[in-house]
Amino acid sequence: GMGSITASPVIADVNGDGAPEVLVAARGLGLLDRHGRDLYGWPRRIGGPIASTPAIAKVPGNGTVIYVGSDDDRLYALSFEGKPQAGFPFQTSGDIFSSPLLMDLNHDGVDEVVFGSDDGCVHAIDRQGRPVPGWPFRTGGFVSASPVPVATKGDAMVAVGSWDGELYLIDPDGHDLPGWPRPAGFPVWGSAAVADIDGDGVPEIMAAAQELHAFRVDGSPLDGFPVPLGGYAVASPAVGDIDGDGNLEVVVCSDRIYAFRADGQSVEGFPVDTDAYFWASPVLVDVDGDGHPEIVAGDFKGRLWAIGRRGAVLRGYPRQIGRKITAAPAAVDIDGDSFLELVVATADGRVIAMPTECPDDAASAPWPTFLHGRNNVTGAHAGHRLRRKEGIQGARRRGPRSPAEAPVILSKAKLLDRTDSSRMGSQSDTDRIFDVRLRPGLPAPFSPIEILLEGLDGVRHRGMLYYTVDGRVHPSPLLREGDGYFALVQPLPPLKRIKFNFKVRADAGEFRVPAEGDFTFRVGIPGIRMERGHC
């Protein structure tokens, strides 16, 4: 099977047969036809696991080209037949979780490929895999966010956040714009949203982390922003008129579902507490056909929610459709009935199509896909029809687990000297460094590994977890779960032995690890028994 799906599905006519296919990224790239079956020659393995949502380009004389980043530090470009394009894969020095943006930077009529990497850079390359002059643009941290275009009366620009806690606005030549970067106060994992929410004719740039920020193009904050969130936001914001007042609202999902007006005030009935965390970005779709779009988002318990005006949960929702949902759904008419379906991918490898009463028009679905679809498909209409949707549900469901896949057993953790953490970022008096070793024979964890931390005092989380694999540092936000906090370790390559050095970093004195005594944590792979360890 495809394994855990964390990238959003992309729907487009990839093979030129007049009907769209469903492109799914996980262990490799999968391409499903209208019956939910693999197209001939698919899925394809391209390197490491994939968390990057692919981008699809229709190139004159060259057919369809699929661009996607991988956990092996490379950006790949493949034809529909799976043939690598000349000049690819493009090598970086860090994992690529960022989704590629196809954008004409130099006004030559041909899109360049812009994407972030955990090497701290925003790269821009041409269709032959050559760096665009002036690029890459270097930030001070990982760039897991996807770049988004910002169009004004002048040249188009690129907005992107970084783990250095800054939001950047970059010109086509790879330089900072005046007034930028702007501080977000916390690492920025999710991508920005761009829309004119105050109605002045110029778009604003919204980005979420521990707070929701809204900046004008000149770098000044919009009045009323930033606004605090109750939990760190991994998901990207969505923008649309959700209450029918003729104005745009900004929707953010983290520990709850939030909706804000252009002045930073909450929309009536929000936030909505669902007793679950949201990793997946929301979409805005008129699910029940009442003329007002609902907020549709999947949570960490595998439920799909539809939230209407005043925060009301739509009848028939939430729907339990998987173990976990970490990818944004896509709203497309896949059966040709002029109404949209919701295509949802789950962490247990399922791809599901659900009917709605939403007409296939822009007004009814103001934000129908991840990042509004801006960086998913170019040169082709993403709304072509799949004539039938049966067979898509469960088509990628993972089979029974092999008896050889032994449970994850956690050995006794060893508290390391603080000086060993210098390579893992800034330190504070509350840093604790642990050396965690898993026994040999661990199955290849293509699903994200979960780490649950317990026994931590503090009312709100403002912590980050940093872990190293083969000497490379990776960050993950700590998310609240009951009395503890959990974090996800990204999919790893198959190894006989896996070693984690990780630390919990306290911020603003709100998050503390006990200086003495037992500190309880659990490490495991979803679907496999989890064992406890103490330090």
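Use the structure listed above.
Residues numbered from 1 in each chain as written. Predicted model: local features only at pLDDT ≥ 70, side-chain atom pairs only at ≥ 80, totals over all residues. Heavy atoms only, no water.

### Some points on the overall build of the chain
The number of helices and strands found in the chain is zero helices and 40 strands. Across the 535 residues in the chain, those meeting the buried criterion constitute 62%. Counting contacts in the chain only where the partners sit at least 6 residues apart, residues at least 24 apart contribute 56% of the total. Carbon and sulfur atoms make up 49% of the accessible area of the chain, which totals about 19700 Å². (Helix = DSSP H or I, 4+ residues; strand = E, 2+ residues; numbered from the N terminus. Buried < 20%, exposed > 50% of the residue type's maximum accessible area, 1.4 Å probe, protein only. Contact = heavy atoms within 4.5 Å. Areas by Shrake-Rupley, 256 points an atom, 1.4 Å probe, with all protein chains shown as cover.)

### A short note on a negative patch on the surface
Judged by side-chain charge, Asp288, Asp290, Asp337 and Glu357 come together as a negatively charged surface patch. The exposure class assigned to Asp290 is partly exposed, which follows from its relative accessible area of 40%. (Patch = residues over 30% accessible without salt bridge, like charges linked within 9 Å, V, L, I, M, F, W, Y side chains within 5 Å. Salt bridge = Lys/Arg side-chain N within 4 Å of Asp/Glu carboxyl O. Lys, Arg positive; Asp, Glu negative; His and termini not counted. Charge placed at Lys NZ, Arg CZ, Asp CG, Glu CD.)

### Considering the nonpolar core
Grouped together as the largest cluster of nonpolar side chains are 33 residues, with contacts concentrated most on Met206, Leu212, Val239, Val252, Ile257, Phe270 and Ile295. For this core, the secondary structure elements donating two or more residues are β16 (193–195), β17 (204–208), β18 (211–215), β20 (238–240), β21 (249–253), β22 (257–260), β24 (294–298) and β25 (303–307). By size, the runner-up hydrophobic cluster in this structure holds 19 residues, among which are Val287, Ile352, Met354 and Cys358. (Core = buried A, V, L, I, M, F, W, Y, C linked by side-chain atoms within 4.5 Å.)

### Comments concerning the environment of Val148
Looking at the secondary structure, you find Val148 in strand β12 (residues 148–150). Residue Val148 is classed as buried on the basis of its relative accessible area, which comes to 6%. Here the alpha-carbon distance between Val148 and Val160, two residues 12 residues apart in the chain, equals 6.6 Å.

### A look at the environment of Ile325
In this fold, Ile325 is placed in the loop between β26 (319–320) and β27 (330–332). Look at Ile325 and you get buried, because its relative accessible area is 0%. In sequence terms Ile325 and Ser4 are 321 residues apart; their C-alpha atoms lie 9.5 Å from each other. Ignoring sequence-local partners within four residues, the contact set of Ile325 consists of Ala280, Gly298, Asp299, Gly302, Arg303, Leu304, Val344, Ala345 and Thr346.

### A closer look at the pairing of strand β28 (residues 339–345)
Across the seven residues of β28, six count as buried, placing the element largely inside the fold. Where β27 lies against β28, three bridges are found, and the strand directions are antiparallel. Looking across to β28, one finds that Ala331 is bridged to Leu342. What sits between β27 and β28 in their antiparallel hairpin is a turn of six residues, with Gly336 showing a positive phi close to 75°. (Pairing = 2+ DSSP bridges.)

### A short note on the pattern of salt bridges
Between side chains of opposite charge, pairing is possible as soon as their charged atoms come close. By the definition in use, this model includes nine salt bridges. Taking the shortest distance from any N to any O, the salt bridge between Asp243 and Arg261 comes out at 2.7 Å. In this pair, Asp243 sits in the loop between β20 and β21 while Arg261 sits in the loop between β22 and β23 (283–285), placing the two residues 18 residues apart along the sequence. Among the ionic pairs, Asp299 bridges to Arg303, the shortest N-O distance being 2.9 Å. Note on accessibility: Asp299 and Arg303 belong to one class, buried.

### Notes on the sheet that holds strand β3 (residues 29–32)
Taken together, the three strands give an open sheet; going across it, the order is β1-β2-β3, and neighbouring strands pair in antiparallel fashion. For this open sheet the edge positions go to β1 (10–12) and β3, each flanked by a neighbour on one side alone. Strand-to-strand twist in this sheet, taken as the mean axis angle between neighbours without regard to direction, amounts to 25°. Summarising the sheet, strand β2 (residues 21–25) and β3 pair through four bridges and their orientation is antiparallel. For Val24, the partnering residue across the bridge sits in β3 and is Gly30. (Axes fitted to C-alpha atoms, helices over the stretch in contact; angles between N-to-C directions.)

### So, the sheet that holds strand β9 (residues 112–116)
On the basis of which strands lie adjacent, the open sheet formed by four strands has the order β8-β9-β10-β11 and antiparallel pairing. Among the strands making up the open sheet, the edge pair consists of β8 (101–103) and β11 (137–138). With four bridges joining them, β9 and strand β10 (residues 121–125) adopt antiparallel strand pairing. Counterpart to Val114 in the pairing with β10 is Ala124.

### Here we look at the packing of aromatic side chains
This model, assessed by the stated rule, comprises nine aromatic pairs. Between Phe186 and Tyr232, the aromatic rings sit 5.2 Å apart at their centres with planes inclined by 55°, giving tilted as the arrangement. You can see Phe186 sitting in the loop between β15 (182–183) and β16 and its partner Tyr232 sitting in the loop between β19 (227–228) and β20, a full 46 residues away along the chain. Assigned by exposure class, Phe186 and Tyr232 land together as buried. A centroid spacing of 6.0 Å and a plane angle of 10° characterise the contact between Tyr258 and Phe260, whose relative ring orientation is stacked. (Phe/Tyr/Trp six-rings, centres within 6.5 Å; stacked < 30°, edge-to-face > 60°.)

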